[in-house]
Structures are given as C-alpha cells and as structure tokens.
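For reference, the chains in residue letters:
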Amino acid sequence: MFKKILIANRGEIAVRVIRACHEMGIAAVAVYSEVDRAALHVRHADEACPIGAATASESYLNVPKILDAAKRSGVDAIHPGYGFLSENARFAQACVHAGVKFIGPSAAAMEMMGSKTRARQAMERAGIPLVPGAASGLESFEQAEQMAARVGYPVMLKAAAGGGGKGMRLVRTPKELTSALESARSEAERAFGDAEVYMEKAIINPRHIEMQVVADEHGNAIYLGERECSIQRRHQKVLEESPAPIVDSEIRRKMGDAAVRVAKAAGYSNAGTVEFLMDEQENFFFLEMNTRLQVEHPVTELVTGIDLVHLQIRIAAGEKLPFVQNDVQIRGHAIECRIYAEDPDNNYFPSPGMINLLMEPSGPGIRLDSGVYEGWNVPMDYDPLLAKLIGYGSDRVQAIGRLRRALGEYFVGGIKNNISLFRRILHHPDFRAGKVDTGFLDRMLKKQNSGQAGTKLSEAAVIAAGMFVAMGATVSASDPANAASGSKNNSGKAASGWKGAGRIEALRTNIGSHS
Amino acid sequence: MKYDVSIGGNHYQLELGRDASRWSCHLDGLEVDVDAIPVRPGVLSLRVGHEIYEVKCERKADHVQVWFRGECYAAEVRDPRSLRARTRAADDHGPRKLTAPMSGKIVRVLIREGSEVDAGAGVVVVEAMKMQNEIKSPKKGTVQKILVNEGTAVNAGDVLAIVE
C-alpha cells in the first residue's frame, strides 16, 4: 500500500481525497498556487508544495511542476482528482516515467476514450448501442448532407475533442446545415485546438444517465449503479441523483453490462463513468466515457455503501476488487447539489470574493463535501464550485425532504451563490415526480421566478433590519481589507470579529435573562 | 430609537426601545412582542410573537441586506433625525459612484472622462473567472472621473468611476 500520495488538485475534491488518505493511514501531500496557500485542502494536508502562479497553466496544469513536487516530497502515487490533469494521457504517461503511480486508468485507455470519434468506433466494434450517426469526423459538407438525410433530422453536430457544449450545434433543417457546420468547427478549433466535428441523430430532451464502473488491474470490472444527471444549465451539471427515477433493475442490468463491456473494450482500470442518453422510449445510447472520478461520485457512494476513493487507491496499489457484481446492492436514494459561487440574478456570473459568514448544514442523511470555510477568499482563477451538498434517504421522497431541510440551514454570506436555485428545483412538481430531461432546468429558468414573500415575513424583515442597526451587530461586506487576495492573512477581519463579539456579549448581558 | 424603514417600495415606521430586560417594539404604531438574541456576528435569532427567525444580516453601502427563510430583503433604514439622512436625499442628485460588484480585472474602459452618459450605459468592463461583466452608469450625467485603467485589478466595492 502507498505510504504517501500527492493530490494534484484543489478545492473540495482535494479535501475529499486527502480525507481518504488519512482514513487509510496514508500521508497526504497538497500542492497550491499563489492564491491557495490558505485553502482548505492545504490546511488538511500533511505536507504542501507551492507550485506557482494562480493561472492554472502555471500551477495545477503544469506537469513538470507537479512531478517536481512529487519527487521532492517522495510520494508513491498521485491522485489527479477531476478536471485539471485527470484525463491528460501525457501526464499519466509522465507519471509512469517518473516512477510514480497515477491513480487512474492507463494513458492508452484515456487516449482511446478521450477522442469522441475514436471512442464511438471502439464502441461500434464492441456492439454497444450508439446514437445513430457516424463515429468519424465529417470530412466534407456533402458527406454531412448525406449522413443527415440518412439519419434523419434533427441532427447534432459535436466536437470530437471536447465537451461542455462547445462545438455543439443542433440542426433542425437541411437549410441550417452549412452554417451550423462552419460555426461548430470554428468554435471547436478555438476551444480545443481541434476542429474535428462529427454527427449524431439529435435526441430531443434526452435524459442523461451515466453508469459508474470500476475495474482492477487484473481484468475484473463491475458496475456500481447509475446516476441521473439531467438537471443541467447550458450543458453543465447542477444536480445529480442515484438511482435514476425511471431506471428499474432490468434496465440497470442492461446498461451496467454494456458499461462493463465498454470498460473492457477500452482496457480500462480504476474508476470511470460511461455516459448514456436515454430517449422517451427508454432506449439508451452510448455518449462518452469519462476516464476519471467524477464530481457527482458521492451519490453512488451513499446508495452502494462503497467508498470510491478508497477503492481507487486500493486498485492503484494492485489489489483485486474486494467484491463481485452480485455483492453490489443499491439501497436508498441520494441527491447532490453543486453549490457554486455564482450570481443567480445575473446570469450565473461567477462571484469570487470573501466568505464573511458560513453556516453549514448537518444532521440525518446529510453529507457536505466542502472546499471552503468562513474567512476564505474564493479566488477568481478557477471553477467556482464551493461545495457539494448531498441528501440521502431510504427513498427519493425522504432524500428530497432532507436536502430541502439542509438547504434551509445553509447560508453563504459575502459572495453570491446558487443555493436559491436548488430550493426552486426541489420544489418543482416535475422534479418531484422524477419527470426530468436535459432541457428541464433551462425551461424552468426561462419562467419568471414568482415570489412575493408574505406580509408577515416583510414585517419580520423590517424589525430585523431595525434590530441590526440598533445593535450595530452587522457584518460589513464592502470593507476593502476583507477583499484582499488569498495570500494575505485575514487578521484585520479576525480582530474586528472579536471586537464585534465582545460588543455582542455586552448587549447580551443587557438584554439578559427575562425569566 | 425611531427608524424609517423601506423594503421593496413599502415604507414602515419602526420604534425600538430597550430597558434592562426586554425589547419594546412598535411597527407603524402597533405594538409587537419581540426579542432578539445575537448568536454570532451578523446572525440574530429574532422572535416576533411566537415565530422564530434566524436572520443573517449584511450592511451594504446604502442599505442593509437581511436573509431568512430562504428570502433576501434589501432594507433602507433611516434615522429620521440624523444629519446623514438629511444629506443623503441630496446625494441622489449629486455625484454617484460606480463600484466593482466583485473582484476582477478591468479589461476595457468604454467611456472617456468628461463624456455624457445615459442611465444604464456601460462605463467599464470587469473580467473575472473568464467571464466579462459590463458595469453600467447609475444615472444620466457626465463621467466626472475614471479611476481605473485597462489591466487594473479591482476588489469588490472599489470605486471605478464617478458620474455626476
């Protein structure tokens, strides 16, 4: 077993992996950029290495610096988290050369699945159901025209080299095809440096259902249940759950077997996810394979009782899978909310800055994977994911109830966040009925948010505002000292916090006990 | 203490008093049974009658933001007798500051000092997390001063420009 692991990541996932290391008696080494010295993952680590400027390309994406930190701290293995270098085949290979174990699949498996078109070709050979279309990139407009006629409109153009909605175009009629193809190619070139675009039949309002797979380095592979990730805004996942409301054990077995065939066709090892689209007739089609641990892995952990990061570490250390397919039971229901530093009133624009108040939920069925703390200055240089809030229950109704309760306890002050979005989603009748598809959230957001708080609440607000002014017990958000960069310490804020607490104590004794 | 409080276009008169053991409260002349316990900086446990509210409060430049039960309220709280309340009315017709809504970097200055602008016209563009946000003039007037250049790093609340 490894003695020391370097986590080549930051934020909540780095904290999560460091916790797994500590749970297994393994020392954890963090890396941090100039704005992350005070970050939560560094605070949790046993050792930490500075790796350069805030810009990701100079730090968290910088292979030589990461490997240098690994060498200097003498680690046996590197866990890449998700994003950053986690699906970088060059990095996985460089780890091999450096004699450090990469906790994940081989570079070869990554490369096969990393190209969408090559992945499709491999899936065709393995007999996996695919969205009708072609695995190879479109080479000419004529070819695109013919294929669209064969497959039938509407069709979807997609970038071979990447995702996140870039290089994607929905084409409803033959007239739109030329301009859609041109703009998809140029967008793909700009986003991924690769203009290759391929075509699939467009499935209108599909459900995005993905299957967790895990394989050891001895040829064993099993599936660990599916996740529904249809709640997306502009192709970015926002809320995920397991199990998927419309998947019964029969569909699960079919999708799971297909996913395991995919993993074996790719020569896959360690944890991975096979993504499918499901149409309204409950047919499912291979979309892509993610060759890493995913953000939403906690919902699978909760319904299976399996710690995926522990498992990743064990697999990388050469152990065989400690269970067989029949041992895997899905029990209960879990739903995850991605808490982002975004402004829901301003088109979800990122909202970096100082968290001046943090009240985190806990209690039955609540898991919070947080990467932040009160007093932390969320930097502007990275993805603004603050935390993942997961509710677990014996069934979906209980999971929703617990999650709503927890959201009511959750408060992040000083920066904008999307907590209010989840209240709306969890309240929505279609969501509660499990009637969702990938268009659900964009449709919900288009509708006006009707909400006039009642008179009683407005009056309480008036009294509360007056009380605060009378007591002087407010937190000042616009104090420039609080908005300093992450590397400056927060001593000014801390000092005023103590002063404030002292004043409040004095007030408390004044108001005192009226027994 | 007497306050004029405005929330969402509605106006209220609030009277709060405190003796050794309890609060007294009158809202628009009607007595309300309340108490309030500060539980940590910025957080108050407020009782109004039998209802309990966990209230989070932030003081902004010209109002107080109050959060509870999933709702946020922007409240202007004025002490009708204070000098500041009297002069603030004049400010609305005077110079207005444009401040940065969050930390970021100025990527474009759209207007020159001395130019006329309409309310809502873009003055500077701030970039953060690879997205750009146009900061707009709060009123019709003249751009009296621009305090930043392209490339200036700004923090939330920094003054970017003054329009008079």
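Residues numbered from 1 in each chain as written. Chains lettered and ligands numbered in written order. Predicted model: local features only at pLDDT ≥ 70, side-chain atom pairs only at ≥ 80, totals over all residues.

Asker: Please clarify how the sheet that holds strand β1 (residues 4-7) of chain A should be interpreted in this entry.
Answerer: Backbone hydrogen bonds are what pair the strands of a sheet, in a parallel or an antiparallel way. All names here are of chain A. Taken together, five strands build an open sheet; the order of strands is β3-β2-β1-β4-β5 and the sheet is parallel. This sheet does not close on itself; its edge strands, each paired only once, are β3 (47-50) and β5 (101-102). Here β1 runs beside strand β2 (residues 27-32); their pairing, made up of four bridges, is parallel. Among the inter-strand pairings, Ile7 is bridged to a residue of β2, identified as Ala30. (Pairing = 2+ DSSP bridges. Helix = DSSP H or I, 4+ residues; strand = E, 2+ residues; numbered from the N terminus.)

Asker: Mind showing me how you'd approach helix α11 (residues 308-316) of chain A here?
Answerer: Along an α-helix, residues three or four positions apart point the same way, because every turn accommodates 3.6 residues. All names here are of chain A. Extensive coverage of α11 is indicated by the burial of eight of its nine residues. Buried within α11 we find Leu308, Val309, Leu311, Gln312, Ile313, Arg314, Ile315 and Ala316. Note on α11: the residue one or two positions beyond its end, Gly318, has a positive phi of about 100°. (Buried ≥ 20, exposed ≤ 12 C-beta atoms within 10 Å, placed from the backbone.)

Asker: Explanation requested: the domain arrangement of chain B in the structure shown.
Answerer: Where the parts come together, the accessible area they lose is often given as the size of the interface. What the domain assignment reports for chain B is domain 1 (2-88) and domain 2 (96-163). Of note, the centres of domain 1 of chain B and domain 2 of chain B, computed from C-alpha atoms alone, are 32 Å apart. (Domains from an automatic or database assignment.)

Asker: Would you take a moment to explain the environment of Ala14 of chain A for this structure?
Answerer: Residue and element names in this part refer to chain A. Structurally, Ala14 is set in helix α1 (residues 11-23). Since 28 C-beta atoms lie within 10 Å of it, Ala14 is described here as buried. In this structure the C-alpha to C-alpha distance between Ala14 and Val274, which are 260 residues apart in sequence, comes to 23 Å. In this view, Ala14 contacts Ile7, Asn9, Ala30, His41 and Gly81; residues no more than four positions away in its chain are not counted. (Contact = placed C-beta atoms within 7 Å.)

Asker: I would appreciate a short explanation of the environment of Arg19 of chain A in the present structure.
Answerer: With respect to the element layout, Arg19 of chain A can be found in helix α1. The partly exposed category is assigned to Arg19 of chain A, around which 16 C-beta atoms lie within 10 Å.

Asker: Is there a simple way to explain the nonpolar core in this structure?
Answerer: Note that soluble globular proteins tend to have their nonpolar side chains buried in a common cluster. Of all hydrophobic cores here, the largest spans 175 residues; its most connected members are Ala30, Ile78, Ile463, Ala464 and Ala465 of chain A together with Val66 of chain B. When sequence neighbours within four positions are dropped, the list of residues in contact with Ile463 of chain A reads Leu14, Cys25, Leu27, Val32, Val34, Leu46 and Val48 of chain B. Met380 of chain A together with Leu98, Ala100 and Ile106 of chain B belong to the second largest nonpolar core, which has 15 residues in total. (Core = buried A, V, L, I, M, F, W, Y, C linked by C-beta atoms within 7 Å.)

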